[in-house]
Amino acid sequence: MLLSIVIPVLNEAQTVPLLLAGLHDALRGATWEAIFVDDGSTDETASILERAAFEDHRVKLLRFSRNFGPQAAVTAGLDFANGDAVVVMDADLQDPPELLPRMVELFEQGYDIVSPQRTSREGETRFKRWTALLFYRMLSRVANQRLAPDVGDFRLFSRRAVLAMRTLREQHRYMRGMAGWLGLKEAMLPFERKARAAGSSHYPLLKMLRLAWTGVSSFSAFPLRVSMAVGCLLSGAGFMYFLWVLYLALWTSETVPGWASIVALQCVFSGMILLALGAIGDYVARTYEETKSRPLYVVTELYNLPLPSKSLTRAVVLEGRGLQGEITEDNSDCTGLRAEELPLYDRLAGVR
Ligand code: UDP
Ligand code: MG
């Protein structure tokens, strides 16, 4: 079994050697490859990795032309990983390599995704801990998603989970949400998250907020649809108030001339404008969801059914579980795989 480890790195010259040593220790006796994705480092990270790759063929390196962000780096790593299982981890040893054997064990028990869950967050400020807690709570409510709290991008994916992840090619990426969206069999593995081995976090508050917003906006159109709900409420309340104003104007003499008509117009139109905005928001939301062109569903097991024919688009059918009929045609179209990935894909047929 080949284990691939995908590691995004940005200016991690201090931590990379420590991580490599950690990997060598933890994976003694295993077959592995480490795919480093250099996300535009400006220090010696790249030269350290080049040397490591030269000395050990298991160390692989992808270099980006500039900084594209860790989500893009992880995506590239997953695209190039060949392993039967693929782990994504940070370079700073906050995701401990010692956990890898246990993760592989769970993978071998049949889990498609193994998610280490942080039970403690050493070296993180109280502010970061509280905001993280609040964010995960809010996201799971708003996005109505199977999002495990306190799970970062540190994860193990089975080969077929990686193939499924590769079909999600949206621009604004929130990998944890995407992994949850697939709905594959997932194991949780509690662990204590340590402080960074060296250096400082590349995730200042503003970047954290941006990622959080990507998390909300790519899994829910809730914010776009808010004005629809508010518009309904305001229209209702406005109409009641309108009736009251009408009563005051027609049956009492308490109103100043002109006041009633202004208030009435205000009540009715504000509500209607918000409603219209909500409706437009809903169309925008639908267009947005459509433009992501995500697959419509993910099939994980087939019993006595052949793999689908080419005509199936925007669908993911994963091989490897269930009782399969003869593989009649390749289903490269429906998984969105590129031709050069097919040999790997074929190799998977019948595994497990
Ligand atoms: N990273 C990256 N590109 C970036 C920022 C970070 O590849 O633009 C890498 C970084 O080198 C590390 C991982 O992503 O391996 C996680 O980053 P960091 O430890 O700074 O984030 P934190 O753990 O504080 O959330
Ligand atoms: Mg870190």
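Predicted, not measured: the structure shown is a model, and the values here were computed from it.

Draft legend 1. Highlighting the coordination of the magnesium ion (ligand 2). Note on the magnesium ion (ligand 2): its protein donors are Asp92 (OD) and Gln94 (OE1). The metal-donor distances range over 1.9 to 2.0 Å. Among the residues examined, Asp92 registers a relative accessible area of 3% and is labelled buried. On the basis of relative accessibility, which here comes to 9%, the residue Gln94 falls in the buried class.

Draft legend 2. Representation of the confidence of the model for the protein in the model. Residues with a pLDDT of 70 or more make up 90% of the protein, whose mean pLDDT is 86. A low-confidence stretch, residues 327–352 (pLDDT under 50), is modelled with 47 contacts involving residues beyond four sequence positions or located in other chains.

Draft legend 3. Structural view of the site of ligand 1. Ligand 1 sits among 19 residues. The nearest are Glu12, Asp39, Asp92, Ser201 and His202. In this structure, Ser201 approaches ligand 1 through a side-chain N or O atom, which is 2.5 Å from an oxygen atom. His202 places a polar main-chain atom, nitrogen or oxygen, 2.6 Å from an oxygen atom of ligand 1. Calculation on ligand 1 without its partners gives an accessible area of 530 Å², and the protein chains cover 95% of this total. When the residues that make up the shell around ligand 1 are grouped by side-chain class, the tally is six nonpolar, five polar and eight charged.

Draft legend 4. The arrangement of the pattern of salt bridges in detail. Enumeration over the complete set of coordinates arrives at 17 salt bridges. One continuous salt-bridge network, built from bridges that share partners, spans Glu12, Asp92 and Arg196.

Criteria and thresholds
Residues numbered from 1 in each chain as written. Chains lettered and ligands numbered in written order. Predicted model: local features only at pLDDT ≥ 70, side-chain atom pairs only at ≥ 80, totals over all residues. Heavy atoms only, no water. Donors = N, O, S within 2.8 Å, 3.2 Å for Na, K, Ca; no water. Buried < 20%, exposed > 50% of the residue type's maximum accessible area, 1.4 Å probe, protein only. pLDDT = per-residue confidence, 0-100. Contact = heavy atoms within 4.5 Å. Near = heavy atom within 4 Å. Polar contact = N/O pair within 3.5 Å; in protein donor to acceptor, adjacent residues only side chain to side chain. Areas by Shrake-Rupley, 256 points an atom, 1.4 Å probe, with all protein chains shown as cover. Nonpolar A, V, L, I, M, F, W, Y, C, P; charged D, E, K, R; others polar. Salt bridge = Lys/Arg side-chain N within 4 Å of Asp/Glu carboxyl O.

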